[in-house]
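Structural description and commentary
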Amino acid sequence: MAGANPEHGAGGDDPSRRDFIHIAAVAAAAGAAATVAWPLVDQMNPAGDTLALASVEFDLTKVELGQSVTIKWRGKPLFIRHRTGAEIAAAIKDDKADMRDPQTDEERHKPGKAEWLVLIGTCTHLGCVPTFGGGDYAGWFCPCHGSHYDTSGRIRKGPAPKNLAVPEYAFLSDTLVKVG
Amino acid sequence: MSGHSNYVPKTGIERWLDARMPIVRLAYDSVVDFPTPKNLNYWYTFGGILALCLGIQLATGIVLAMHYVPHVDHAFASIERIMRDVNYGWLVRYMHANGASMFFIAVYAHMFRGLYYGSYKAPRELLWILGCVIYLLMMATAFMGYVLPWGQMSFHGAVVITNLFGALPVVGESITTWLWGGFAVDNPTLNRFFSLHYLLPFMIAGVVVLHIWALHVVGNNNPTGVEVKSKADTVPFHPYYTVKDGFAIAVFLLMFAAFVFFNPNALGDPVNYVPANPLVTPAHIVPEWYFLPFYAILRAVPDKLMGVLMMFGAIAVLFVLPWLDRSRVKSLRYRPTTRMYFFIFVVACLVLGYCGGKLPDEHVIPGLSTFTLFDADLNSMVWLSRFAAAYYFAYFLVILPWMGLTETPLPQPESISEPVLSHSAATPAGAAASPEKRG
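Residues numbered from 1 in each chain as written. Chains lettered and ligands numbered in written order. Predicted model: local features only at pLDDT ≥ 70, side-chain atom pairs only at ≥ 80, totals over all residues. Heavy atoms only, no water.

**Concerning the overall build of chain A**
Helix and strand counts for chain A stand at 4 helices and 10 strands. The helix and strand sequence of chain A, counted from the amino end, reads α-α-α-β-β-β-α-β-β-β-β-β-β-β. Since a compact globule built from 180 residues should have a radius of gyration of about 16 Å, the 28 Å found for chain A marks it as more spread out than a globular shape. Each of the three principal axes of chain A carries a C-alpha extent, and together these read 90 × 35 × 30 Å. Split into buried and exposed, the 180 residues of chain A put 38% on the buried side. Long-range contacts, defined here as pairs at least 24 residues apart, represent 49% of the contacts in chain A between residues at least 6 apart. Of the charged side chains in chain A, 19 are positive and 22 negative, and the gap between their average positions amounts to 5 Å. (Helix = DSSP H or I, 4+ residues; strand = E, 2+ residues; numbered from the N terminus. Rg over C-alpha atoms; globule rule 2.2 N^0.38 Å. Buried < 20%, exposed > 50% of the residue type's maximum accessible area, 1.4 Å probe, protein only. Contact = heavy atoms within 4.5 Å. Lys, Arg positive; Asp, Glu negative; His and termini not counted. Charge placed at Lys NZ, Arg CZ, Asp CG, Glu CD.)

Next up, the structure:
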């Protein structure tokens, strides 16, 4: 910018003052443009009512041993699985196995509630919904790109980088959980 | 090629207009008097066909938007209403849905033509890059349009594609949430996709104007790859290429109409006639045929981030192609070794498309048991995709740069006219040797 226009310098004006005005004007315009642009970008983020989506409560007596139920939470499927002793044993047995996202089975359920597994039912690869009972580890299998999860929902084989996520939840009583 | 104009306004209105806004002069110079190499073959008619495709998609799309409802509870039903109740709605929708496929058939023919005849080389680098931008916009538009009917494939396709951005480190999750407008693909996502699906075609039209502008500065390439040397190498665009393009368009429309009227769902997935259910993913989820090669590349890589980067890289590499191919000879007619690699490249693209439509663990040769290499059976679609994807990248990043340094090309003709004239001189005397009829 400095000395950009020799004519003004020749005319007796102080060129640095004029430059200052130019820079200040451009900076103010850029700032104003960014201020206007931000609302146009941020409007695409979740709206107030979307964020205010209530948590869900679920009555566990509806799920028989060895079965699972899929409910919708924040637009995503939520798996609530009533695990059998064999499933729990298989999961604990593999705690020391080589895993991409190492976690013990203990860390994936609430203390003393090993039979209840609550998971967000979207594959951590690209978000498809895995199905139970398939794959090499008798847990979940994602049909989209072939990710295999074990009976604890841990990723064992395939492209997914993470275990099936455990949402924030709490037992309100022995038979009632609140998710979110 | 540009600058000089032979337009002479004839009527008073034309003279009045020409002094104020010379739009008739622009049209005359662009599509009537524009000097065009006289040896363009039918591979060069896809530009005109593509312009028509864009026009058809715009016209049918604007009509469909008058009846479509962009809401998760009504979108699917509104499409069925268009199909059953709206007057000629079935026709307009089938034209639009098949029109997308026709658009991609034409654009792939156009791109392979450019690759074969070296149309991306100096001075046409910018012309090529603008074409790549159009292709990218077409892909975004087609993807968002496919989401609108809110069927099972629409929904889960949107889930998979938006989750691709989640592979980016640190910012991935914020970006997907921002794209969705929530915590999953839902009504806000459908709404914005509709808005953008309406906007992007007009952006395509804008870049098409730039594409044609760039074309008219440097002029057409041609099958010999030799630049125009004199007026004897060219013919005026009208009537020579208006008629040639017109004939090609008529043939193309025959194929288009055959799909629309006799097999309108042949290119689509029947699962998309099942309404979207966020709780159940279809057993076999695939994109539309025109995305299958890229989908195969995505699945070929066992790592999530690398898979996404490779898939986008497959398109990004096209943008830098003018600087990867170092050969000064444009047309592969005169580069026999590279030509052989080019045809293998075409096969690799087709193989990728084939693999993208199959399950990754499926055997390529049924019944043949082989051994497991790293994480999958060697006789599986995922390994076939890996070989084809490796060739895809090797063609651009290794073969073309290497061939530019080492290949000895065949002698090129002195000019566009020369091979025609020398050929006609060799024909027996008395034969009607009129080279201008061979264009």
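**Here we look at empty space enclosed by the protein**
Residues and elements named next belong to chain B. Under the defined criterion, the tally for this structure stands at 1 cavity of 30 Å³ or more. Estimates place the volume of the largest cavity at around 40 Å³. When contributions to the lining of the largest cavity are tallied by element, the ones reaching two or more residues are α11 (292-300) and α15 (381-406). Its residues placed into classes, the lining of the largest cavity shows 6 nonpolar, 1 polar and 1 charged. (1 Å grid on protein atoms, 1.4 Å probe; cavity = no way out; pocket = protein on both sides within 12 Å on 5 of 7 lines; lining within 4 Å. Points joined across faces, edges and corners; volume = space filled by probe spheres on them. Nonpolar A, V, L, I, M, F, W, Y, C, P; charged D, E, K, R; others polar.)

**Considering the side chain of B:N163**
One can find B:N163 in helix α7 (residues 152-164). Here A:L126 takes part through its backbone oxygen, which lies 2.9 Å from a polar atom of the side chain of B:N163. Leaving out residues up to four positions away in the same chain, B:N163 has contacts with A:L126, A:G127, B:T176, B:W180 and B:K304. (Polar contact = N/O pair within 3.5 Å; in protein donor to acceptor, adjacent residues only side chain to side chain.)

**What to know about the interface of chain B and chain A**
Listed by partner, the interface residues are 27 residues for chain B and 28 residues for chain A. Counting the surface lost from both chain B and chain A, the interface buries some 2,400 Å², and carbon and sulfur atoms represent 65% of this. Together, B:W178, B:F183 and B:L279 form the three largest contributors to the area buried by chain B at its contact with chain A, with a combined 31%. At the boundary of chain B and chain A, one finds 0 salt bridges. At the junction of chain B and chain A, the tally comes to 8 residue pairs in polar contact (both at pLDDT 80 or more). In terms of residues, the side of chain B that touches chain A owes the most to one element, α7(B), which gives 5 residues. Of the residues assigned to the side of chain B that touches chain A, the class counts are 16 nonpolar, 6 polar and 5 charged. (Buried area = accessible area lost by both parts, 1.4 Å probe. Salt bridge = Lys/Arg side-chain N within 4 Å of Asp/Glu carboxyl O.)

**Focus on helix α6 (residues 125-147) of chain B**
Its 23 residues place the ends of α6(B) 34 Å apart at the C-alpha level, agreeing with the 33 Å of an ideal helix rising 1.5 Å per residue. Across the 23 residues of α6(B), 17 count as buried, placing the element largely inside the fold. (Expected span 1.5 Å × (residues − 1).)

**A closer look at the sheet that holds strand β4 (residues 116-120) of chain A**
The strands that make up a sheet are held in pairs by hydrogen bonds between backbone atoms, and each pair lies either parallel or antiparallel. All names here are of chain A. If you trace the 3 strands from one edge of the open sheet to the other, you get β2-β3-β4, paired in antiparallel fashion. This sheet does not close on itself; its edge strands, each paired only once, are β2 (68-73) and β4. In this sheet, neighbouring strand axes are inclined to one another by 20° on average, regardless of whether the strands run parallel or antiparallel. Bridge count for strand β3 (residues 76-82) against β4 is 5 bridges, and the pairing is antiparallel. Across the sheet, residue I80 finds its bridge partner in β4, namely V118. (Pairing = 2+ DSSP bridges. Axes fitted to C-alpha atoms, helices over the stretch in contact; angles between N-to-C directions.)

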